[in-house]
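# Summary of structural features
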Amino acid sequence: AAALGHIEAMAYFADHLERGLGVNVDYDLAAQLFYRSFKLGSPWAYKRLYDQGRSRPLAIMKKVQQLMLEDRVYRSTVDGLFGGGTRAALRRALKL
């Protein structure tokens, strides 16, 4: 379902990839799926990235920051830290 673009399936699969639940851990793909489903309006991805951003692994947040930089909504250093710049960029990403 995630491969077919189902928004919540992308977010849930990203969570499984992050935690290695039934699949190998893949932070890069998890970050891509979290960010894509976040932009498409997934409440689960919103919770994981925006509300719980400080709890995400550094590698996931670095990749999300890189993706936001490519979307031109992130204006800070790509460091994986969840601060004001990341939070503001996520808000801007919702408007894309």
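See the structure printed just above.
Figured I'd write up the structure that's included with this text. On a predicted model such as this, the values are computed, not experimentally measured, just so you know.

Relative to the 18 Å expected for 13 residues at 1.5 Å per residue, helix H4 (residues 58-70) spans 18 Å between its end C-alpha atoms, a close match to the ideal helical length. Along H4, the residues that are buried comprise Ile 60, Met 61, Val 64, Gln 65, Leu 67 and Met 68. Projected onto a plane normal to the axis of H4, the buried residues spread over an arc of 160° and lie on a single side. Summarising the contacts, the buried residues of H4 are in contact with helix H1 (7-19), helix H2 (27-39), helix H3 (43-51) and helix H5 (84-93). Within two residues after H4, Arg 72 carries a phi angle of roughly 65°, on the positive side.

On to the packing of aromatic side chains, then. Given two aromatic rings, one states the distance between the centres and the angle between the planes to describe the pair. As enumerated under the stated definition, the model contains 3 aromatic pairs in all. What links up through ring pairs into an aromatic cluster is the set Phe 38, Tyr 46 and Tyr 50. Taking the ring centre of Tyr 50 as reference, the NZ or CZ of Arg 87 above it sits at 4.4 Å.

Counting 26 residues, the largest nonpolar core has Tyr 35, Phe 38, Leu 49, Val 64, Met 68 and Leu 90 as its most contacted members. Where this core is concerned, the elements lending two or more residues are H1, H2, H3, H4 and H5. Among all residues touching Phe 38, those that are not within four sequence positions of it are Ala 45, Tyr 46, Leu 49, Tyr 50, Leu 90, Ala 93 and Leu 94.

Note that Ser 37 resides in helix H2. Judged by relative accessible area, which is 0%, Ser 37 ranks as buried. In this structure, Ser 37 is in contact with Ile 7, Met 10, Ala 11, Ser 42 and Ala 45, ignoring residues within four places of it in sequence.

Two numbers describe a pair of packed helices, the interaxial angle and the distance between the axes. Across the interface, H4 lies against H5 with an axial gap of 11 Å and an inter-helix angle of 50°. The pairing of H4 with H5 is recorded here as oblique in orientation. As for how H4 packs across H5, the hand of that crossing is left-handed. Residue-level inspection shows Met 61, Val 64, Gln 65 and Met 68 of H4 in contact with H5, the latter providing Thr 86, Ala 89 and Leu 90. Residue classes in the contact of H4 with H5 are distributed as 5 nonpolar, 2 polar and no charged.

Thresholds, definitions, all that
Residues numbered from 1 in each chain as written. Predicted model: local features only at pLDDT ≥ 70, side-chain atom pairs only at ≥ 80, totals over all residues. Heavy atoms only, no water. Helix = DSSP H or I, 4+ residues; strand = E, 2+ residues; numbered from the N terminus. Expected span 1.5 Å × (residues − 1). Buried < 20%, exposed > 50% of the residue type's maximum accessible area, 1.4 Å probe, protein only. Arc of directions from axis to C-beta. Contact = heavy atoms within 4.5 Å. Phe/Tyr/Trp six-rings, centres within 6.5 Å; stacked < 30°, edge-to-face > 60°. Lys NZ or Arg CZ within 6 Å of the ring centre and 35° of its normal. Core = buried A, V, L, I, M, F, W, Y, C linked by side-chain atoms within 4.5 Å. Axes fitted to C-alpha atoms, helices over the stretch in contact; angles between N-to-C directions. Parallel < 35°, antiparallel > 145°, perpendicular 65-115°, else oblique. Left-handed = near helix turned anticlockwise from the far one by under 90°. Nonpolar A, V, L, I, M, F, W, Y, C, P; charged D, E, K, R; others polar.

The values reported here are purely geometric and, on their own, carry no functional implication.
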